[in-house]
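Tertiary structure, described
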Amino acid sequence: MSEKVHIETNINGSQVEFLCEPRQSLLEVLRDVLDMTGTKEGCNDGNCGACTVIVDDRIIDSCLMLAVESQGKKITTIEGVAYTDRLHPLQQAFLENAALQCGICTPGFIVAAKSLLDREPDADEGRIRQWLAGNLCRCTGYDKIVRAVLAAKETMKNE
Amino acid sequence: MNNMEASKFEKLRFVGSRPIRHDGLEKVTGQARYGADISFPQMLYGKILRSPYAHARIKSIDFSRALALEGVQAVVTSSDFPKPWLTDETGIDSKLINIKFSSNNVLAGEKVLYKGHAVAGVAASNAYIAEKALDLIDVSYEILPPILDVMQAIKVNAGIIHEGMFPYPESGLIASEFNSSLISNSTLDMSNHHQGDDSKYSNIAGYYIQEIGDIDKGFMDADVVVEREYNTGSVHQGYIEPHSATAIWNRDGKVTIWCSSQGHFGMRDQTAEVVGIPASDIKVIPMEIGGGFGGKTTVYLEPVVAMLSKKTGRPVKITMTRQEVFEGTGPTLGSYMKVKIGATKDGMITAAQALLAYEAGAFPGSPVNMGAQCIFAPYDIPNGKVEGFDILVNKPKVAAYRAPGAPAAAFAGETVIDELSCKLNIDPLLFRLKNSAKEGTRRISGPVFPRIGFLETVEASRIHPHYLSDFGGPNRGRGVAAGFWFNGSGPSSVIVNANADGTVSLIEGSPDIGGTRVAVAMHVAEVLGIPIADVHPSIGDTDSIGFTSMTGGSSVAFKTGWAAYQAAQDLKAQMIERASDIWDVEAGEVNLKDGKFNHSTNQDLQMDFKELAGMLNATGGPIVGRAAINPGGAGAAISVHIVDVEVDPETGKLTILRYTVVQDVGKAIHPDYVEGQMQGGAVQGIGWALNEEYIFDKEGVIKNPTFLDYRMPTSLDLPMIDTHIVEVNNPGHPYGVRGVGEVPIVPPMAAIANAINSAVGIRMNTLPMSPPVLLEALWANNGAGKVYGD
């Protein structure tokens, strides 16, 4: 077994330290080392988006990033999206628009959509569909997901 | 809609509203725990060794080198499972044979039967070591020629997948006769093929036939006859959550399994059969399920983790990779089909005939009988004949997939219907209306329809703004297709407890894949008149709730909704009894209305549900309502889809411009999640129509076992999916529910094929109709680059 590496990073606003093997992906460390299972594994090869997290303001598939690369980075996962006292408008909009069925893809969609609306508060339907094309949902046909993101956009504008 | 039926439900307070689902918060915050989200101290990680060959005899397995690797704790193979079928000398006990098939699919027996077939399981201290150990298991194979499609499987001397098991059925076929004779004389006497050992057995595991009327006369009466032949490939359910199972086999012989499935009782019972212990020794705790669509109804990992835990005394967990999901779990069938329909000049069907040859995969059990029952079900067919063949091939054993068997059949049947209506110059929806099945119509398969909503669904489609709109433009077209599905029922158990604070906890046995917790809870709220948010639903494990059949067959809102309705009625009756005791009046004089108990004449006697709930413990004890039922009367589902497409004649790429799903759901308990099922089913069908397929090489190796190359629809590929809910109430359910989940995947492939014909004048007869396939068809037709239409 290879030697473990000591990593310091910031996850959801907290300084976090962990030991990991150089071969371990960020997804593995989040789930198996840090017990943050909100980030899901659907394919482990960067094609489904269930493991989407935000690293220094960019969305990435955490299965495609080595955990050692997170040294000194700022990471947001689904566990860090809600506010202390209430849900994030995207989370609320997903509930109100029935934008989830089984829910396994939902954390990835919410994280990806948050990243979009943080950058582009006026994103329209076409832009939302383009941005979310890296996230697969097999249940909904995307209709209600896109509507939820459009609804959250309006809420966020008024905040 | 029938006015009497409408009035029966117009006073419902909660049914038909759109509350936020109870389990939603956990799912939007990442707290919900799915199959792979559980772990235990001392837990071992497992991996599965899978066959590199599609067909081979296992000569030996030597795992001594794997066991010697540091960190490896145990290896299991099929020799660790009991083999009760060996005790049946007659070889005809179908239950034991089914256990053999189930066991041998979990871990291969004498032969591996598809690429990716599980051969051995390893448990180690981490997944990396377990994976490394797989390389140290030496399996000696005698490679056999793979049998990869229907035509190859039925050739004489093709090789037999299950040796000595399936004699040629009396009406079996061989390939040379298959093509030429299918429709005109598809049922052949096979007695002349029963010569010698090679031809005694076949890869035809099942044969079904249904007939009505006089098929020959029916075709003679027709003015126009259309006959077409079809091929479709294997596709996968494509749930985003890979299979995962964790087990602890305690030293007292009791086993606990955590897994995500469509039915934990089914997982329990199947695991018990494979590992050979009583089902009552196994407790299955359901995790949240990340999609199933039929594919999470059979055991794959559960018996393996159980045996690995038995050997090691420690918890063992195995989670599949995406490649393992594609290669090792059930896709749906590939098929060869032929359909022939005749009609008179004025558009009345006189005869309809179909032959469906469905791939079962490596073990018997394709849903061809269901496809055969569905293909012409929307229509009143005076003379009909449908034959189905269940054919073994060296591919993963097919599993259920949303309306199993119906979508491929509808692709064939509904494109022939469309061609007939084009030839007769009759609007395709009007043609369907003229031939619509209705209450009292006898199906080819025998049953007579009770109240169904096909007429209403077609009528709603004809006046839908989408159908009335202009789709014009070069290379654009519109297609419609109808679909039928039975909808299902099954045993279901529900318990409701009145809590002291006036809330009600609801325990059910149906895993919630798409919002059924809330739909089931709404039945309870409606009966008791308390807010939906005050009903707290949860899914009990196999020791905590009575037997409940799978979440499948579009059955949960019907059967578990009904069980919840009945359990709430039980709770209500007991609480009325209690109120009458407290008031010292007759129970018959107490009512519960809008969440309030009151006396029929004495207006001073009133109590909120909450008030009485708070008094229960002190006035005789808690009250539990219960229901354990197996209701009949599931109502058939009918769906009509309308799609506008644009074909790029230079690339063969097809764009969905507009899509509408019109469906009779009986009654939409929670319309948001009903619409969601309609949209999701349509989009799975769009994927099946346009992109999705297993690509096998000639050795039977799947070349595209990733989401990159097995291309499912993304948000960018689609428009919004319009829905129109038709409610022809099912008289067999307290609130009129029929079921919703499955039928929306039935029409899309045919609707899109019909739209392609409308756009560019080409009748497609294969799936998927992907850009290269469509481009080839365009070239064959008229050359590339031609602009069609105006």
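Residue numbering note: each chain is counted from 1, following its sequence as written. By the order in which they are written, chains take letters starting at A while ligands take numbers starting at 1. Totals for whole chains, interfaces and linings use every residue, but because this is a predicted model, local features are given only for residues with pLDDT of at least 70 and side-chain atom pairs only at 80 or more, for both listing and counting. Only hydrogens and water are set aside; all other atoms, that is, all heavy atoms of the structure, feed into the side-chain values.

A few words on the overall build of chain B. Secondary structure follows DSSP: runs of H or I at least 4 residues long count as helices, runs of E at least 2 residues long count as strands, and numbering of each begins at the N terminus. Secondary structure summary: chain B contains 22 helices and 29 strands in total. We take the radius of gyration over the C-alpha atoms and set the globule estimate at 2.2 Å times the residue count to the 0.38 power. The globule rule puts the C-alpha radius of gyration for 790 residues at 28 Å, and the 28 Å found for chain B is close to it. In terms of principal-axis extent, the alpha carbons of chain B reach across some 85 × 75 × 50 Å. Burial here depends on accessible area, computed with a 1.4 Å probe over protein chains only, as a share of the maximum for the residue type. Under 20% is buried, over 50% is exposed, and the range in between is partly exposed. Counting only residues that meet the buried cut, chain B has 64% of its 790 residues in that class.

All names here are of chain A. Among the secondary structure elements, asparagine 97 is positioned in the loop between α2 (89–96) and α3 (106–119). As a C-alpha pair, asparagine 97 and lysine 144 span 47 residues in sequence and 6.1 Å in three-dimensional space. We call two residues in contact when some of their heavy atoms are within 4.5 Å. Filtering out sequence-adjacent residues up to four positions away, asparagine 97 remains in contact with Lys144, Arg147, Ala148 and Ala151. Here alanine 93 takes part through its backbone oxygen, which lies 2.8 Å from a polar atom of the side chain of asparagine 97. Definition of a polar contact: a pair of N or O atoms within 3.5 Å, with one able to donate and the other able to accept a hydrogen when the atoms are protein atoms, and with sequence-neighbouring residues admitted only if both atoms are side-chain atoms.

Attention now goes to the pairing of strand β8 (residues 224–232) of chain B. Residue and element names in this part refer to chain B. The sheet contact formed by β8 and strand β15 (residues 335–343) spans nine bridges and is antiparallel. Paired with asparagine 231 across the two strands is tyrosine 336, which belongs to β15. Two strands make a pair as long as DSSP finds a minimum of two bridges between them. Relative to strand β29 (residues 766–767), β8 runs parallel, the two being bridged by two bridges. Residue pairing across strands places threonine 232 opposite leucine 767, the latter belonging to β29.

The next point concerns the domain arrangement of chain B. All names here are of chain B. According to the domain assignment, chain B consists of domain 1 (12–29 + 489–629), domain 2 (44–144 + 243–319) and domain 3 (331–487 + 635–782). By convention here, the domain bounds are inherited from an automatic or database domain assignment. Between the C-alpha centres of domain 1 and domain 3 the distance comes to 38 Å. Of the roughly 1,700 Å² buried between domain 1 and domain 3 on both sides combined, carbon and sulfur atoms contribute 62%. Accessible area that two parts lose when put together, evaluated with a 1.4 Å probe and summed over both, is termed the buried area. When residues of domain 1 are sorted by the area they lose upon contact with domain 3, Arg18, Ser554 and Phe558 head the list and together hold 33% of the total.

Here we take up the pairing of β15 of chain B. Residue and element names in this part refer to chain B. Burial of β15 is extensive: nine of the nine residues sit out of reach of the surface. Of the two faces of β15, both are covered, the one formed by Ser335, Met337, Val339, Ile341 and Ala343 as well as the one formed by Tyr336, Lys338, Lys340 and Gly342. Between β15 and strand β16 (residues 349–361), which follow one another and run antiparallel, lie five residues, and glycine 347 among them has a positive phi close to 90°.

So, about helix α18 (residues 556–583) of chain B. For an α-helix, the turn length of 3.6 residues means that residues three or four places apart are oriented alike. By definition here, a helix of n residues has an expected span of 1.5 Å times n minus one. For α18 of chain B, spanning 28 residues, the distance from its first C-alpha to its last is 39 Å, which sits close to the expected 40 Å at 1.5 Å a residue. Looking at the residues trailing α18 of chain B, positive phi occurs at aspartate 584 of chain B, about 60°.

Once that is clear, we can look at the packing of aromatic side chains. Stacked, tilted and edge-to-face are the three classes assigned to paired rings of Phe, Tyr and Trp, where Trp is represented by its six-membered ring and a pair needs centres within 6.5 Å; plane angles under 30 degrees give stacked, over 60 edge-to-face, the rest tilted. By the definition in use, this model includes 21 aromatic pairs over all chains. When the centroid spacing of 5.4 Å and the interplanar angle of 70° are considered together, the rings of tyrosine 230 of chain B and phenylalanine 411 of chain B count as edge-to-face. Of this pair, tyrosine 230 of chain B sits in strand β8 while phenylalanine 411 of chain B sits in helix α13 (residues 406–423), placing them 181 residues apart in sequence. For tyrosine 230 of chain B, a relative accessible area of 2% gives the class buried. An aromatic cluster is built from Phe326, Tyr694, Phe696, Phe707 and Tyr710 of chain B, whose rings are joined through pairwise contacts. Put simply, a charge is over a ring when the Lys NZ or the Arg CZ is close to the ring centre, within 6 Å, and near the line of the ring normal, within 35 degrees. Above the plane of the ring of tyrosine 128 of chain B lies arginine 23 of chain A, whose end atom (NZ or CZ) is 3.6 Å from the centre.

With that settled, the discussion passes to the sheet that holds β16 of chain B. All names here are of chain B. The six strands lie next to each other as β7-β17-β16-β15-β8-β29, forming an open sheet whose pairing is mixed. Single-partner strands in this sheet number two, and they are β7 (204–212) and β29. Axes here mean lines fitted to C-alpha atoms, for a helix over just the part in contact, with angles spanning 0 to 180 degrees between N-to-C directions. Against the sheet, α13 makes contact with β8, β15, β16 and β29, and its axis sits at roughly 150° relative to β8, the strand it touches most.

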